[in-house]
Amino acid sequence: MSAFNAIGEEREIDRDEFTPGVEPQPTWCPGCGDFGVLKSLKQALPEVGKNPEEVLTVTGIGCSGKLNSYLDTYGFHTIHGRSLPVARAAKLANPEVEVIAAGGDGDGYGIGGNHFIHTARENHDMTYIVFNNEIFGLTKGQTSPTSPKGHKSKTQPSGSAKSPLRPLSMALNAGATYIARTAAVNPNQAKEIIKEAIEHDGFAHIDFLTQCPTWNKDARQYVPYVDVQESDDYDFDVHDREEAAQMMRETEDVLNEGTVLTGRYYVDDESPSYSQEKKAVGEMPEQPIAERYFDEDSEWERSYDLLDRHK
Amino acid sequence: MAIYSKGFRHGETKFWIPLANWPLISMSDEELIWRVSGGSGDGIDSTSQNFAKALMRSGLHVFTHRHYPSRIRGGHTYVEIRAAGHEVQSRGDGYNFLLALGDSFARNPQEEAYYGNEEIKPLSENLDELREGGVIVYDEGLLSEDDVAELDLEERAEENNWHVYPVDLRGLAKEHGREVMRNTAGVGITAGLLDMELEHIEDLMSDAMGGDVLESNLEILHEAYEMVGDEIEAEHDLRAPTGEHDTEQALLSGSNAIAYGAIDGGCRFIAGYPMTPWTDVFTILSQNFPDMGGVSEQVEDEIAAAALAVGASHAGAKAMSGSSGGGFALMSEPLGLAEMTETPLVLVESMRAGPSTGMPTKPEQADLEFVLYTSQGDSSRVVFAPGNIEEAYEQTRLAFHIAWEYQIPTIIIYDQKLSGENKNVDVEFFDREPEPGLGSTLTEDELAEAAHDNSGKFKRFQHESENGVSPRSLPGQKGGRYLATGNEHSPVGHISEDPDNRVYQMERRMQKLESIRTELEEEHESNQTYFGEEDAEYGIITWGSSQGAVEEAVGRLNEQGHSVKGLSVSDMMPFAETEVTEFLESVDEAMVVEMNATAQFRGLIQKELGRFGEKMTSLLKYNGNPFEPAEVVEGYEVNVADEDREPTAQVRIEPAAGD
């Protein structure tokens, strides 16, 4: 018998269950793209059959970090850049929990960049949503890792001399097995992509374009957007690494020229997730670690039985 | 025979060992201190481990000390094994038997080489500490005649009454097997010269190897053993001591003990990044966890390592991480997050000489203030500093108990010395039940009865509770959802900057430390260790791995007629206030012994107790080598007994405040 009965519970799930009674109204600025992420998550979760108490939403710091204040699941609002190591360990401790990590572009691609690379490389079975608004919002509009070259801000008064980071290409290189870009201005596509990401058995990275009307640009600047799957102008196979890489590169090249390309870029359904790999080499138990502490029949090993090698 | 009290419960009479029972440990003929030296990568460590086990199996108490450079191939290294019929808790003063094997990876033997003539170092570096009447065996197959001649060995041997036996160990090994087996030849000669039986050495070899390799090694062992008497005429008095154990013994390092304390404390998740000397604990658990349903993760950096431990704990695993100085610095953030979110967590910090990269393979006790206070805001953590192998096990186990009961990060601070030294321990010491409970974590049934807000969110962080602990839930449990955040937060975990809420939450978190102090005093044996007689006039106070040297020094000072007792403190936070106060009140003067340059522990005592500044002096050592008992004895004589001279050892004496 499980000690975690919210997991896999068979029942109707209402979208409103994900709105916390204590803080139903987000404090994001009017017109903020973050509302789009929240809305599509609230739609996607019941549609994939997840209830609030079997989901752990782990966030970093910034406007995006408040996501789990407004999404009623188990939540862990961690520290700047560290949502991924916290999230992936929670998954290792209890693989039955649905783990979603989220944070901004500074959080995930800047200060947490090392964790992003390694979590993708290890292909943990989780979803990572990066609220990419191409700016630091909560500290008042400084240039971020995805800000366009030449971006002027209080900390880059003459315009940034740095080229923006390429999030999709970086995820592919690192080893993510589901990579997509969506935008707050396209909530239907966003919902579908989130659903696919949750159901994907591996590390699913969503670069989510979230306009920042206060410091950067408003929603109109992400319109018109193009869905690369639906447009006749683009034809590539998301299962083909080379084609995906090329499409990502083009997408990243044209974003700051005013062409907003979105959609699925890479899907690898073949590679085993990290837990599967780790179980295969015999370094992860079948019974979740977290369950064992509640299992009264469990016989705990003890150091007394290890002493022969010391005698 | 125990020579100190293992602790006591508060309110009970302290158990002080009468002087008559102190063993005479200063007589060199009652103990063997065997030093095997060579180069890094020459198998010195494994050779010494097996020899130490053989001595233990023969009924002796053993204690080892490891000296090595931060290099993999080449560079002078030695291991010292102290063996006696009575308990040994420390290095001795100097040593009495040298087996110099040569450094087969020695670099640049020409004169101008940065590290000097490395080929001769296994012999030349070890002469100053060899006692009068000591024995030297060196491998004349590896050490050149000219180099040895330059050392004036003959003259020095005559002056010090040393007995020198040059043997072609390398040649002997090559003749019967391979050159690397010269360590075996050295052990054979040692056993012959000490008049030891080969039985235990043979058994250990048979356990470790088989086939031709075993055959060759046994042949070499016997050949070398029989050379004594046949070819080598032994003219020294030193013999292997004799002894007997009442119960079965095991040889363990501090790192073994910490890892085993974690296993028995129910830990099944560890994350880390390699760094000397912490790597030992990480390795031992990584190798054992696959067989016991645990998960070990080697990750991208120490920020991630500690963050993983926080994440695993949050989701329901008993988790730990750790590092040494520089790596632990990266853990400051997740440590603070664990304090704020009240996530149970055990971290270990294995000190080495700092600052920065410092001396990676040398011990020091200079990270105390760092571990107590790193991370922003007021510290809300527990810190234990075990002083020996048994304490390392006990206090790691206790760390898991405290961390999960009180939802608080608990840190074990130890050092390179305790990490790597081996000592025999009663096997039955470990014969106890594991403690895999999750402490103040609720089941779903209990959650159903627990406090929730109107919307059904669990009140994970209540404003008030009896002992400061507000029970927790785990993701996936029905009825337990809440938000954990590094921001200040309301009872259901949502961000809150309300002043009243802030004060409630701060005070409840601080209250946990008081409750822990109470539990430590009322429900557990004291973690502090006492030596000497209760009514002594003078005190020596120490912490961590300097305990053994202080213990032995106190014994010797009493033999010399001084009235002195010792206290070794482990409870750094919450501080062992009552016990240290009682101790300091009971003496006229006290000397605080620690391996750092700024008297950090003495500073902590003054900060915690707010007095005794004029009573305490310091004996400090920070040259990269641990204290030897004689250095503490000398420090006491110069410092406390006011003898008008400077210490001869490389130590510093700090006067009392106001002096």
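Conventions used here
- Residues numbered from 1 in each chain as written.
- Chains lettered and ligands numbered in written order.
- Predicted model: local features only at pLDDT ≥ 70, side-chain atom pairs only at ≥ 80, totals over all residues.
- Helix = DSSP H or I, 4+ residues; strand = E, 2+ residues; numbered from the N terminus.
- Rg over C-alpha atoms; globule rule 2.2 N^0.38 Å.
- Contact = placed C-beta atoms within 7 Å.
- Buried ≥ 20, exposed ≤ 12 C-beta atoms within 10 Å, placed from the backbone.
- Domains from an automatic or database assignment.
- Nonpolar A, V, L, I, M, F, W, Y, C, P; charged D, E, K, R; others polar.
- Pairing = 2+ DSSP bridges.
- UniProt positions renumbered as here; feature names shortened; annotations may be inferred.
- Axes fitted to C-alpha atoms, helices over the stretch in contact; angles between N-to-C directions.
- Parallel < 35°, antiparallel > 145°, perpendicular 65-115°, else oblique.
- Left-handed = near helix turned anticlockwise from the far one by under 90°.
- Expected span 1.5 Å × (residues − 1).
- Right-handed = clockwise from strand over helix to strand, strands pointing away.

Engineer: Could you give an account of the overall build of chain B, naming the residues involved and the relevant values?
Structural biologist: Within chain B, the secondary structure is distributed over 22 helices and 22 strands. Here the C-alpha atoms of chain B give a radius of gyration of 27 Å, agreeing with the 26 Å that 2.2 N^0.38 yields for 659 residues. Dimensions of chain B, computed from the C-alpha atoms along their principal axes, are close to 90 × 60 × 50 Å. Counted over contacts in chain B with a minimum sequence separation of 6, partners at least 24 positions apart contribute 77%.

Engineer: Can you break down helix H9 (residues 254-264) of chain B residue by residue, with the values?
Structural biologist: Given 3.6 residues per helical turn, the α-helix brings residues three or four places apart onto the same face. Residues and elements named next belong to chain B. Most of H9 is tucked away, with 11 of its 11 residues classed as buried. Gly254, Ser255, Asn256, Ala257, Ile258, Ala259, Tyr260, Gly261, Ala262, Ile263 and Asp264 are the residues of H9 that are buried. With its phi angle positive at about 90°, Gly266 sits one or two positions after the end of H9.

Engineer: Could you give me a rundown of the domain arrangement of chain B, with the residues and numbers involved?
Structural biologist: All names here are of chain B. Domain boundaries assigned for chain B yield domain 1 (19-230), domain 2 (251-430), domain 3 (444-523) and domain 4 (529-654). The centre of domain 2, based on its C-alpha atoms, is set 26 Å off from the matching centre of domain 4. Each partner contributes to the interface: domain 2 provides 26 residues, whereas domain 4 provides 22 residues. At the level of elements, helix H14 (368-373), strand S12 (382-384), helix H15 (389-406), strand S13 (409-415) and helix H16 (416-420) are the ones that each hand at least two residues to the side of domain 2 that touches domain 4. Looking at the side of domain 2 that touches domain 4 residue by residue, the class counts come to 14 nonpolar, 5 polar and 7 charged.

Engineer: Could you give an account of the interface of chain A and chain B, naming the residues involved and the relevant values?
Structural biologist: In this assembly, 56 residues from chain A lie in contact with 60 residues from chain B. Every element with two or more residues in the side of chain A that touches chain B is listed here: helix H2 (67-70), strand S2 (74-77), helix H3 (83-93), helix H5 (113-122) and helix H10 (289-292) of chain A. Tallying contributions element by element places H3(A) first for the side of chain A that touches chain B, with 8 residues. Looking at side-chain class alone, the side of chain A that touches chain B contains 29 nonpolar, 15 polar and 12 charged residues. Relative to strand S15 (residues 483-485) of chain B, S2(A) is paired through 3 bridges, and the arrangement is parallel. Counterpart to Gly75(A) in the pairing with S15(B) is Leu483(B).

Engineer: Talk me through the environment of Val554(B); I want residue IDs and the actual numbers.
Structural biologist: Residues and elements named next belong to chain B. Among the secondary structure elements, Val554 is positioned in helix H19 (residues 547-559). A tally of 31 C-beta atoms within 10 Å means that Val554 is categorised as buried. Note: C-alpha distance between Val554 and Ser380 (174 residues apart in sequence) is 35 Å.

Engineer: Please set out the UniProt feature "domain: Thiamine pyrophosphate enzyme TPP-binding" (unreviewed entry) in chain A residue by residue, giving values where relevant.
Structural biologist: Taking the UniProt record as the reference, the feature "domain: Thiamine pyrophosphate enzyme TPP-binding" (unreviewed entry) is found at residues 61-208 of chain A. Taken end to end, residues 61-208 of chain A is 36% helix and 20% strand, and its two terminal C-alpha atoms sit 16 Å from one another.

Engineer: How would you sum up the packing of H9(B) against helix H10 (residues 279-288) of chain B? Please name residues and give values.
Structural biologist: All names here are of chain B. At a minimum axis distance of 8 Å, the contact between H9 and H10 shows a crossing angle of 45°. In this view, H9 runs oblique relative to H10, as classed from their interaxial angle. Of the two possible hands of crossing, H9 and H10 adopt the one that is right-handed. Between H9, through Ser255, Asn256, Ile258, Ala259, Ala262 and Ile263, and H10, the contact on the second element is made entirely by Asp280, Val281, Ile284, Leu285 and Asn288. Partitioning the contact of H9 with H10 into residue classes produces 7 nonpolar, 3 polar and 1 charged.

Engineer: Tell me about the pairing of strand S7 (residues 249-253) of chain B, residues and numbers included.
Structural biologist: Residue and element names in this part refer to chain B. With 5 of 5 residues buried, S7 lies mostly within the body of the structure. The two faces of S7 match: Gln249, Leu251 and Ser253 on one face and Ala250 and Leu252 on the other face are all buried. Relative to strand S14 (residues 422-426), S7 is paired through 5 bridges, and the arrangement is antiparallel. Bridging across to S14, Ala250 finds its partner in Val425.

Engineer: An account of the packing of helix H5 (residues 169-176) of chain B against helix H8 (residues 211-230) of chain B is requested, with residue identities and associated values reported.
Structural biologist: All names here are of chain B. Contact pair H5 / H8: the axes reach a minimum separation of 9 Å and the direction vectors enclose 135°. Here H8 runs oblique to H5, going by the angle between their axes. Crossing angle aside, the handedness with which H5 passes H8 is right-handed. Contacts from Leu172, Ala173 and His176 of H5 reach H8 at Ser216, Glu219, Ile220, Glu223 and Ala224. For the contact of H5 with H8, the class distribution of residues is 4 nonpolar, 2 polar and 2 charged.

Engineer: Lay out unusual backbone geometry with the relevant residues and their values.
Structural biologist: The omega angle of the peptide bond from Gly354(B) to Pro355(B) is -10°, so this bond is cis rather than trans. Residue position: Pro355(B) is located in the loop between strand S11 (345-351) and H14. Of note, the bond from Met573(B) into Pro574(B) is cis; its omega dihedral lies within 30 degrees of zero at -5°. Following the sequence through the fold, Pro574(B) ends up in the loop between strand S19 (571-573) and helix H20 (577-586). In this structure, Lys140(A) takes a positive phi of about 85° despite not being glycine. Residue position: Lys140(A) is located in the loop between strand S4 (126-132) and helix H6 (167-174). A tally of 12 C-beta atoms within 10 Å means that Lys140(A) is categorised as exposed.

Engineer: I'd love a proper account of helix H18 (residues 499-523) of chain B, names of residues and values included.
Structural biologist: Relative to the 36 Å expected for 25 residues at 1.5 Å per residue, H18(B) spans 36 Å between its end C-alpha atoms, a close match to the ideal helical length. Along its buried surface, H18(B) packs onto S12, H15 and S19 of chain B.

Engineer: Break down the sheet that holds S4(A) for me, citing the residues and quoting the values.
Structural biologist: Here 9 strands make up an open sheet; going across it, the order is S7(A)-S8(A)-S5(A)-S6(A)-S4(A)-S3(A)-S1(A)-S2(A)-S15(B) and the pairing mixed. Edge positions in the sheet fall to strand S7 (225-227) of chain A together with S15 of chain B, since each has one partner strand and no second. Each neighbouring strand pair of the sheet contributes to a mean axis angle of 20°, computed without reference to strand direction. In terms of strand pairing, strand S5 (residues 178-183) of chain A meets strand S8 (residues 260-267) of chain A through 4 bridges, oriented antiparallel. Counted as the bridge partner of Ala180(A) is Arg264(A) from S8(A). Here H3(A) sits on the sheet and contacts strand S1 (55-59), S2, strand S3 (98-104) and S4 of chain A; the angle it forms with S3(A), its principal contact strand, is near 180°.

Engineer: Would you mind going over the sheet that holds strand S18 (residues 564-569) of chain B in detail, with residue names and values included?
Structural biologist: Residue and element names in this part refer to chain B. One open sheet accounts for 6 strands, arranged S16-S18-S17-S20-S21-S22; its pairing is mixed. Here the strands that pair on one side only, and so sit at the sheet edges, are strand S16 (529-531) and strand S22 (652-654). Neighbouring strand axes in the sheet, compared pairwise and without regard to direction, differ in orientation by 20° on average. One ladder, built from 5 bridges, connects strand S20 (residues 589-594) with strand S21 (residues 616-620); its direction is parallel. Residue Met591 lies in a different strand from S21, and its bridge partner there is Thr617. The strands touched by H19 are S16, strand S17 (538-543), S18 and S20; relative to S18, the strand with the most contacts, the crossing angle is about 170°.

Engineer: How would you explain the pairing of strand S6 (residues 203-209) of chain A if you had to name every residue and give the values?
Structural biologist: Here is the key point about a regular strand: its side chains alternate between the two faces of the sheet. Residue and element names in this part refer to chain A. In terms of burial, S6 is largely enclosed, as 7 of its 7 residues are buried. Side chains of S6 alternate between two faces, with Phe203, His205, Asp207 and Leu209 and Ala204, Ile206 and Phe208 buried alike. For S5 and S6, the ladder comprises 6 bridges, and the chain directions are parallel. Among the inter-strand pairings, Ile179 is bridged to a residue of S6, identified as His205. Crossover handedness for the path S5 to helix H7 (residues 187-199) to S6: right-handed.

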